[in-house]
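Chain and residue survey
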Amino acid sequence: MCFSSRSFRDTNIILGHGGRGNNWAYGYHGQHSESENSLLKQTMESLRKEVERRDSYSGTVLLHSLSGGTGSGLGARLCETIREEFPLGHILSVTVAPHHMGESPLQHFNSLLCLSWLQRYADGVLLFHNDDVLRRMVAMSGRKTADAMSGHSSQISLSAMNSHIASCLAGLMYPVQTLTTGSGLSIGMEPWELLRSVCPMPSMKFLHVTQRSTSDLMVLLESALGCLMVKDAVQGDSLCINQQGHLHQHYSTAVLAVARGNHDNSFFSSVNSVLMKLKQGYRCVPWNPTPIDYWTELTSMFLSRIKSQSLTLCANHSSVMDYLNRVLERARAMYEAHAYLHWYWKYHCEEEDFRQAFETLGTVLEDYSSAGD
Amino acid sequence: MTQSIVVQVGQCGNQIGCRFWDLALREHASVNKKGIYDEALSSFFRNVDSSVKRDDATVSGGKISSLKARAVLIDMEEGVVNELLQGPLGELFDSKQLITDVSGSGNNWAVGHKLYGAQYQEQIVENVRRTAEHCDSLQSFFVIHSMGGGTGSGLGTFVLNLLEDEFPEVCRFITSVYPSAEDDVITSPYNSVLAMKELTEHADCVLPIENQSLVDIVNKINQMANSGKPGASLKQSSSTIASNCGGIKGQEKPFDAMNNIVANLLLNLTSSARFEGSLNMDLNEVTMNLVPFPRLHYMVSSLTPLYTLADVNVPPRRLDQMFSDAFSRDHQLIRADPKRSLYLACALMVRGNVHISDLRRNIERLKPSLQFVSWNQEGWKTGLCSVPPVGHSHSLLALANNTCVKPTFIELKERFLKLYKKKAHLHHYLQVDGMEQSCFTEAISSLSSLIEEYNQLDATRGLVMADAPRLSIAT
């Protein structure tokens, strides 16, 4: 176990045996023998108790990956089950997509199935890509140390990558002054207000997140918006050909900017030019009158670097289409070759699950494609 | 944590098994300094309080009192097993884990499978059941045997059938030593082909090993050790993959170096299931990721590094070299060249001080020189375990589901047909009760259709799936 058990109630830590073999079906349906005391049942039980402890329940944040068996399969099942049991609650998922160049041959099927479940049952998906995170870490470490002597690129660990993702999440979800009540109370509405800001259309739920921290926000704003952060958002090529074969430039339907460490009010002094830059850099759609939302918070989110300032950007950006396209293509090729399917049938997956998943993602692509027109 | 049971059958199986248990103890001893019976140990060993006279006096947690291996030892001759019991590893096994006979199988698959199979069926089932009951969460069986003889090949595959019937949910990994062309057992082609049919139909994953490849690797290591090049001296002998500085002191027996390589293969395969790491890989993930079609479950394995040099310079270069070596023909445990054939999937199990970025970098670097089947262009499965093997700072086990196994099977088929056409030695088989001509025809037909499935996949080579068209605009 990699975290201190004192942070979590013992009954909220639910463990199984032997893993789910990188198989979405195994994760979703679970083990035959444990139907009575399944991981799903135990988890829902713990969730119910947590909800009872609260004065009011607004929603759940789900953290998982798309390529594993438990993360993608049980994750999908939980999303569906939580939605059914708490129809008025929000569901925000923090979803990690695997490296493009294979972490597992089954990742395409698992991602396909899980993404379609998220589309159906979650309200918003903060989608992180391992390739992007690794690339950012390498770039950041390159800036920090000019390690020309060693002659090889820096070694990045999984734990460093995870720290970056955690930092992005903190940037978005830690309390902000903007949402604090008049009496100075923070009621933890940040995740749900985020959904309200950046998910204007129910068909478009996939969100891109990036973050920079610095000791001087103005420098950050000048540099970041100039090239770095937008480049992150656009993932390489700025054009893509959509399903109808039309040329398409990427665009955003909505963007949320969270500036922390705003103790010198530098953000507000230049807020209009900042918003203009964001609107242009992210190519916000013209039909949304208020595409940019922003929150500020006085204190830095890093306890050890009180003076530091950070800017976290969350955008509903069409570049997710590239990723969805790739997943669809790879999954289709494998499905047509009938490769690996016997493992999915063995664990009670059905052809209908796949058919629906292909259809759901196809529709998402169409919606993203037409929204930019 | 899950447990695994090792079933070693026949002379070869038991000799390799012996090396495996010795090296496993050595590996755990080097990590587990406090002598606590921890989860890692429990995957292959149980902790028995020998002062208590009950059979199932298992002690969980706490100090190690007496370790027993989770194993079943089967041999129709007593020699190898007796030697094992009389040696220092003897205490790992209690008499109830052994099934032996005296007269051997005469290098005859039919004697092993049909005769001894029927005779010992009940005893084998009972033995395995008892061992399985001592496991909280049994995940896999490891069967170790050879294909060319009578016991390992015949009784070994009989046991495989039993395991499938009695424990259908438990993964069956089979380590099979295939005879080389210059094998001294004349009937080895018959035994091998008859056994192949069982492996194709009842195993979840087979790791074929060829003696000749092991010999070549051992020679290469010896050459390195004796070459006397400056800086090329090997770090003390415990650092080679073929060494056994474990509990058994004294003379290394002739096949020990070769058997150690296979033992290390099993240790590396199970490392992620025993020790922690940033990217764990359970044993069921190995089968799910590497087997796209049920019958095509033969994995070509390669282990690197084979040895560590005393010269400890520039770690990252050596790290990259480790990855390159895994794909070179010299490091494969069968005579095959995966680079020249088609990959269906490939698993990389890394141990030691290696980061995710090193892994990604090497995959990207090596990918262009490897051919993957069109629908699995990114068919990699990766695992990172933080505990390296004894004597190394890092190591890599590559398992490739690759069509390069085809030539091995074709050669086997040809050797079989040479004998079969003349009906040589056939009567020795047919006179065994339960053995019929149809066993032979079915076996060769199974092998032929397996070869044909690989052929069809090979035919798709060069049909690379095109990426979605992208335009890049200068920014």
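Residues numbered from 1 in each chain as written. Chains lettered and ligands numbered in written order. Predicted model: local features only at pLDDT ≥ 70, side-chain atom pairs only at ≥ 80, totals over all residues. Heavy atoms only, no water.

**Observations regarding the overall build of chain B**
Within chain B one finds 14 helices and 13 strands. Considering chain B as a whole, with its 475 residues, one finds that 61% of them fall into the buried category. Across chain B, the fraction of contacts at a sequence separation of at least 24, relative to all contacts at a separation of at least 6, is 82%. (Helix = DSSP H or I, 4+ residues; strand = E, 2+ residues; numbered from the N terminus. Buried < 20%, exposed > 50% of the residue type's maximum accessible area, 1.4 Å probe, protein only. Contact = heavy atoms within 4.5 Å.)

**So, the pairing of strand β8 (residues 205–210) of chain B**
Residue and element names in this part refer to chain B. Of all six residues making up β8, six are buried, and the element is well covered by its neighbours. The alternating pattern of β8 places Cys205, Leu207 and Ile209 and Val206, Pro208 and Glu210 on opposite faces, both of which are buried. Handedness of the β-α-β unit built from strand β7 (residues 171–178), helix α6 (residues 188–202) and β8 comes out right-handed. (Right-handed = clockwise from strand over helix to strand, strands pointing away.)

**Observations regarding the sheet that holds strand β1 (residues 59–65) of chain A**
Pairing between sheet strands relies on hydrogen bonds along the backbone, with the strands arranged either parallel or antiparallel. All names here are of chain A. Reading across from one edge, β1-β2-β3-β4-β9-β7-β8 is the order of the seven strands in this open sheet, with mixed pairing throughout. Two strands lie at the open edges of the sheet, namely β1 and β8 (292–297), each paired on one side alone. Strand-to-strand twist across the sheet, computed as the mean angle between neighbouring axes with direction ignored, equals 20°. As judged from the seven bridges shared by strand β4 (residues 206–214) and strand β9 (residues 309–317), these two strands associate in the antiparallel manner. Considered in β9, the bridge of Gln211 is made with Thr312. Across the sheet, helix α10 (residues 271–281) lies against β7 (252–260), β8 and β9, angled at about 135° from β8, the strand it touches most. (Pairing = 2+ DSSP bridges. Axes fitted to C-alpha atoms, helices over the stretch in contact; angles between N-to-C directions.)

**Quick notes on the interface of chain B and chain A**
Interface size is commonly expressed as the accessible area that is lost once the parts come together. Across the contact, 45 residues belong to chain B and 43 residues belong to chain A. Summed over both sides, the interface between chain B and chain A buries roughly 3900 Å², with carbon and sulfur atoms accounting for 56% of that surface. Ionic pairing is found between B:Glu378 and A:Arg330, a salt bridge with its closest N-O pair at 2.9 Å. Seen at the junction of chain B and chain A, the total is 14 residue pairs in polar contact (both at pLDDT 80 or more). When residues of the side of chain B that touches chain A are assigned to their parent elements, the largest contribution, seven residues, is made by helix α11 (residues 356–366) of chain B. Partitioned by chemical class, the residues of the side of chain B that touches chain A number 21 nonpolar, 13 polar and eleven charged. (Buried area = accessible area lost by both parts, 1.4 Å probe. Salt bridge = Lys/Arg side-chain N within 4 Å of Asp/Glu carboxyl O. Polar contact = N/O pair within 3.5 Å; in protein donor to acceptor, adjacent residues only side chain to side chain. Nonpolar A, V, L, I, M, F, W, Y, C, P; charged D, E, K, R; others polar.)

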